[in-house]
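Observations on the model geometry
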Amino acid sequence: MVSKNVQDLMEKMTIQEKIGQLIQLSADFFQGDNVAITGPLKEAHLGEAALYSAGSVLGISGAQTVRKVQKNYLKHSRLGIPLLFMADVVHGYKTIFPIPLALGASFDPQVMKTASVTAAKESAAGGVHVTFAPMVDLVRDPRWGRVMESTGEDPYLNSVMAKAAVTGFQGTLPLDQNHIAACVKHFAAYGAPEAGREYNTVDISEWRFREQYLPAYAAAIEAQALLVMTSFNTLFGVPATVNQHLMRDILRDELQFHGVLISDWDAIGEIIHHGVAGDLQHAADLALKAGVDIDMMSFAYAKYLAKAASLDPQIEQLINESAQRILILKEQLGLFTDPYRGLSTERETEATLTTENLDAAQVAAEQSMVLLKNSHHTLPLNTATAISLVGPVADTGDILGSWSWQGDPDQTETIADALAKQFSNFTVMPGTQYHHVQFSKLNDAVNASRQQETIVAVLGLPASESGEATSMTDITLPAEQLTLLRGLAQLNKPLVTIVITGRPLDLTEVDALSDAVLLAWFPGSRGGAAIANVLSGRVDPSGRLPMTFPRNIGQVPIYYNAYNTGRPISGTPADDENKYLSKYIDAANSPLYPFGFGLSYGDFTITDWTLSQHNVTPDQPLTIQATIHNSADHAGTTVVQLYTHQQVGETVQPVKQLQAFKKVSLGADQTQTITLTVPYDQLSTIHSDLHRSTDQGDYTVMLGFDSTCTASQPFTVAHQ
Ligand code: GLC
């Protein structure tokens, strides 16, 4: 339903003013004094009119700044249509939460929701109206730096987290002033670039796309995400940004998305490089026809739509449709009522970096850390233990991760400082930088460790080697860090390695050299305190892997929900007798650490589990009751995971697919019974005709603590 306000505006607006709404400019166009003469406007060959008719800006925030820019903009707006402020608020604004891949590792949608609620409150107080998040691209290749922005390799986990993020950012519609509009991205399948190389070709079948990659976008749209962003990549042979099948048939018609579709940065301009547009005018025409409402920084719309509209009524109609969607979005944000959305420096101060927000970031970090190895119960450490803290990440605030532009590493407590609050006897000596080493310093670190009982090495990569445009061919730790670790291992002392990373790494040697391995990701503003709490045992590590960790890069892509192939291995010694199987001659098929894996300080078993009935129908979901026991003498947390397998399908079926999970915390020797349900529709799969439906037949349900679980029971599915 279009409001009278929007209808009136549409009637009053000139075609140029409507086109203006379709243009998004970056912050530098609106800040600084000489934008119109020598600055970006001139470089873009745009007049000042383009500046004050542009519908939105990206990358500006701060209550005072936004007020100033909005006020000046409105002075130049004939009809008083407010400017829309968008920004990348991905895993926090001022209070930085762990990266989204870590939030996925929490296996707790409430953790994701809290992170998004907090980010929305802080950024809304900073004048942000729309966030370019959540990124829900499914990822299976750690060579791609943007895996840090995703919640991993699984369609179900990604869908659950996508819904939690959108609901957190937006709250319940209509948006109140503590919430912001979510822009789900990147539509679509940007996470599948060939060879993990950034911006590279994506070429997957529509069958696989619908089965694995589409669900999380659909979940975000079902959760009423108000915007979608197009992706840079091609899909089905056509660049996504001008792909009518993807944007009209699938996004608008099938998923019933009626919100605003924005291009990624200069993605319209890049259609020329893709070789699908001869020039920028052609690209503008293709993008508008695909339904792209806002052109982010290619200037194609600014330069060519007015003339195109004068020649073609269809173009004018499309411009009207896009302009109307953008005005509706501004109305949903309440901008016509209050273009400043209650902005004030007092509110901004009160809302940001509060103890409550920082505590929430700490809990998120504690919930997302993954204990990958813990031989001889090396962890937790007694706080009286004499520790030698070493490694390039031990004493730096560079633990916020990529897309944390409002965070401040210099104001972020280091892991060393956080440990000092709990451990009374430890030395700190980095021993090496990320990629450079002075052997005298390395030897000093090793020698200092001789005097201590336990060694804690904090290794990893800087935030600058994670995120956009950071693809890597080698996912082992830098040689300098491995040299340090080898030296430390020769001391034959308990060796704990903490890994700070935004992607799965090849930790094969780290695992072999260490007694304990704790994956801390980029843990955010309170990451140090969270790590200290896990090391001391105040908190039980309960994160589980949202992405498979390979033994080496040669196994990639490697993921748990793979297809059986015609020559599967059996996982028994018989495999060695048969050369002609789907395997390698130089490595195992299995990963170093599988999807869903993680250890706890507790000792959990599933003592009993039953199906409420063995026949699933549209009216009878699969329902499992399971009794979990913690036999340890202290509390712990685990994640119970439910997988299913369809024995026979019209197309190949994954050997197992995650369908439900539940985080369970139990005290020493405590037992709890939980219920997990899987609705009939959730068992649906994509058929060769590309339609999704649930097949009748025999299935298996598996229950356990990671994707290698084997305990199974049969069930059947019937259409009634
Ligand atoms: C970048 C990213 C996108 C981001 C946008 C605006 O190129 O691909 O995720 O939201 O530009 O910063």
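First things first, this report covers the structure right here in the doc. Please read these numbers as outputs of a predicted model, since none were measured by experiment. (Residues numbered from 1 in each chain as written. Predicted model: local features only at pLDDT ≥ 70, side-chain atom pairs only at ≥ 80, totals over all residues. Heavy atoms only, no water.)

**Concerning the packing of aromatic side chains**
Threshold: Note on ring pairs: Phe, Tyr and Trp rings are taken, using the six-membered ring of Trp, and paired if centres are within 6.5 Å. Classes follow the plane angle, with under 30 degrees stacked, over 60 edge-to-face and the rest tilted. By the criteria applied, helices consist of DSSP H or I runs no shorter than four residues and strands consist of E runs no shorter than two, each listed in order from the N terminus. Working definition: with a 1.4 Å probe on protein chains only, accessible area under 20% of the residue-type maximum means buried, over 50% means exposed, and in between means partly exposed. Whether a charge sits over a ring comes down to the Lys NZ or Arg CZ being within 6 Å of the ring centre and within 35 degrees of the ring normal.
Counted under the stated rule, the structure contains 19 aromatic pairs. Centre to centre, the rings of W144 and Y190 are 4.8 Å apart; their planes meet at 75°, and the pair counts as edge-to-face. Residue W144 is located in the loop between β4 (130-131) and α8 (155-170), and its partner Y190 is located in the loop between β5 (181-187) and α9 (206-222); the two are separated by 46 residues in the primary sequence. Judged on exposure class, the residue W144 and its partner Y190 are both buried. Arranged with centres 6.3 Å apart and planes meeting at 70°, the rings of W521 and F549 form a pair that is edge-to-face. Note that W521 is positioned in the loop between β16 (516-519) and α21 (527-536) and F549 in the loop between α21 and α22 (574-577), a separation of 28 residues in sequence. Each member of the pair, W521 together with F549, is buried. Taken together, the ring pairs in this structure connect F107, Y156, Y560, F595, Y643 and F661 into an aromatic cluster. Across from the ring centre of Y340, 4.4 Å away, lies the NZ or CZ of R67, which sits over that ring. Over the face of the ring belonging to W403 we find K185, whose NZ or CZ atom lies 5.3 Å from the ring centre.

**As for the nonpolar core**
Stated precisely, the cut-off is as follows: Throughout this description, the term nonpolar core refers to a set of buried Ala, Val, Leu, Ile, Met, Phe, Trp, Tyr and Cys residues connected via side-chain atoms within 4.5 Å. The contact rule is simple, with two residues in contact once any of their heavy atoms fall within 4.5 Å.
L25, F30, F187, F209 and Y301 are the most contacted members of the largest nonpolar core, which totals 135 residues. Looking at this core element by element, the count peaks at eight residues for α8. Among all residues touching L25, those that are not within four sequence positions of it are F30, L46, A50, L51, A54, S56, V57, L58, M297 and F299. L389, Y434, M472 and L505 belong to the second largest nonpolar core, which has 79 residues in total.

**Overview of the pattern of salt bridges**
Definition in use: Only one rule defines a salt bridge in this text: a Lys or Arg side-chain nitrogen within 4 Å of an Asp or Glu carboxyl oxygen.
If you walk through the whole model with that rule in mind, you get 16 salt bridges. Residue D88 is joined to K185 by a salt bridge in which the shortest nitrogen-to-oxygen separation is 3.3 Å. Taken together, the positions of D88 in the loop between β3 (84-87) and α6 (100-105) and K185 in strand β5 put the pair 97 residues apart, joining distant regions of the chain. Judged by relative accessible area, D88 falls into the buried class, the value being 16%. Linked through salt bridges whose partners overlap, the residues forming this network are D88, R146, E149, K185 and E468.

**Observations regarding the sheet that holds strand β6 (residues 227-230)**
To keep it simple, the criterion reads: What makes two strands pair is DSSP finding at least two bridges between them. To define axes, lines are fitted to C-alpha atoms, for helices over the stretch in contact only, and angles between the resulting N-to-C directions are given on a 0 to 180 degree scale.
The strand order across the open sheet formed by eight strands is β9-β6-β5-β4-β3-β2-β1-β10, and the pairing between neighbours is parallel. Both outer strands of the open sheet, β9 (260-262) and β10 (295-296), are each paired with one neighbouring strand and no more. Where β3 meets β4, two bridges bridge the pair, whose relative direction is parallel. Bridged to A87 within β4 is T131. Its contacts with the sheet put helix α10 (residues 244-254) on β5, β6 and β9, and the angle it makes with β5 is roughly 135°.

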